[in-house]
Amino acid sequence: PLLMWAACAGGGVGVGLSIWLFYFRKEAGTSLWIPRNIAHFLSNRAKATTISIEAFGLGLTSIIGELLFSLAPLCIAALVLIQLDAHWQLIGVLLYAGVALLPLLIIGLLIGNGRKLSRIQHWREANKRFLQFAAGSGLIILAVYVYVERVFTIVVANSLGVV
């Protein structure tokens, strides 16, 4: 497991740096890093589709394109959860899912309370660099913490003969 912790921590730093550099395109709007021809295809097909399964498939395609940015935190969460007792694992998965869904719930509450989606999107566009920096920094901090707490301390303790 020590090698897995080290790999996930390294992946977390790499993904955090990638979020800093690549997550949003430099142009106006909040277009993501996926190649333009794929983004245009997804957009055109989403506008033209009348079949719900195709719309679902298009949404799934965009999620797969963003999976690169989710793998490191998922890996770290899996390594944490696998060490817990079975009933705590279920609670941990539900907690992780709740935290992951929190932004969507907040947006849903804002819309439900009368805020316009265009205003929320304008705020997102105006603050996209901050959100990008915060997400990348959070992942880098988590990865460094995981490395120090799970890898570095064990290696140092073993080399000093403490364990």
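Basis of the calculations
- Residues numbered from 1 in each chain as written.
- Predicted model: local features only at pLDDT ≥ 70, side-chain atom pairs only at ≥ 80, totals over all residues.
- Heavy atoms only, no water.
- Helix = DSSP H or I, 4+ residues; strand = E, 2+ residues; numbered from the N terminus.
- Rg over C-alpha atoms; globule rule 2.2 N^0.38 Å.
- Buried < 20%, exposed > 50% of the residue type's maximum accessible area, 1.4 Å probe, protein only.
- Contact = heavy atoms within 4.5 Å.
- Patch = residues over 30% accessible without salt bridge, like charges linked within 9 Å, V, L, I, M, F, W, Y side chains within 5 Å.
- Areas by Shrake-Rupley, 256 points an atom, 1.4 Å probe, with all protein chains shown as cover.
- Salt bridge = Lys/Arg side-chain N within 4 Å of Asp/Glu carboxyl O.
- Phe/Tyr/Trp six-rings, centres within 6.5 Å; stacked < 30°, edge-to-face > 60°.
- Core = buried A, V, L, I, M, F, W, Y, C linked by side-chain atoms within 4.5 Å.
- Polar contact = N/O pair within 3.5 Å; in protein donor to acceptor, adjacent residues only side chain to side chain.

Enquirer: How should the overall build of the protein be read in this particular structure?
Expert: Broken down by element type, the protein carries seven helices and zero strands. In the protein, the succession of helices and strands from N to C terminus is α-α-α-α-α-α-α. In terms of overall dimensions, the protein is more spread out than a globule: its C-alpha atoms have a radius of gyration of 19 Å, far above the 15 Å expected for 163 residues. The C-alpha extent of the protein, read off along each of the three principal axes, is 65 × 35 × 30 Å. Counting all 163 residues of the protein, 21% fall into the buried class. Considering only contacts within the protein whose residues lie at least 6 apart along the sequence, 68% involve residues at least 24 apart.

Enquirer: What am I meant to see in a nonpolar patch on the surface here?
Expert: On the surface, Ile51, Ile53, Phe56, Leu60, Ile63 and Ile64 cluster together into a nonpolar patch covering about 640 Å² of accessible area. Summarising the element assignment, Ile53 is placed in helix H3 (residues 52-66).

Enquirer: Help me understand the packing of aromatic side chains in this model?
Expert: Each aromatic ring pair is described using two quantities: the centre-to-centre distance and the angle formed by the ring planes. Under the criterion given, the structure shown has one aromatic pair. Arranged with centres 5.7 Å apart and planes meeting at 5 degrees, the rings of Trp20 and Phe133 form a pair that is stacked. Of this pair, Trp20 sits in helix H1 (residues 2-22) while Phe133 sits in helix H7 (residues 128-160), and the two are 113 residues apart along the sequence. Its relative accessible area of 34% is what places Trp20 among the partly exposed residues.

Enquirer: Even after reading the chapter, I still don't get the nonpolar core, so can you show me in this structure?
Expert: Nonpolar side chains in soluble globular proteins tend to end up buried together. Ranked by size, the top nonpolar core spans seven residues in total: Trp5, Cys8, Ala9, Ile76, Leu79, Val146 and Val151. Residue contributions to this core peak at three residues, all from H1. Contacts of Leu79, omitting those with residues within four sequence positions, involve Met4, Trp5 and Cys8.

Enquirer: In this structure, what is going on with the environment of Ile38? I would like to understand it.
Expert: With respect to the helices, strands and loops of the structure, Ile38 is situated in helix H2 (residues 36-48). Ile38 gets classed as partly exposed once you look at its relative accessible area, which sits at 40%. It is 9.7 Å that separates the C-alpha atoms of Ile38 and Thr61, two residues lying 23 residues apart in sequence.

Enquirer: For this particular structure, what's the right way to read the pattern of salt bridges?
Expert: Oppositely charged side chains may form a pair once their charged atoms are brought near each other. The full count for this structure, using the stated rule, is two salt bridges. Here Glu54 makes a salt bridge to Arg45, at a shortest N to O gap of 2.6 Å. A residue is classified by how much of its surface remains accessible, and Glu54, at 24% relative accessible area, is partly exposed. Note that Arg150 is salt-bridged to Glu149, the shortest N-O span being 2.9 Å.

Enquirer: How should the side chain of Thr49 be read in this particular structure?
Expert: For Thr49, the position within the fold is in the loop between H2 and H3. Judged by relative accessible area, Thr49 falls into the buried class, the value being 16%. A distance of 2.7 Å separates the side chain of Thr49 from the side chain of Glu54, its partner in a polar contact. The contacts of Thr49, once residues within four sequence positions are left out, are Glu54 and Ala55.

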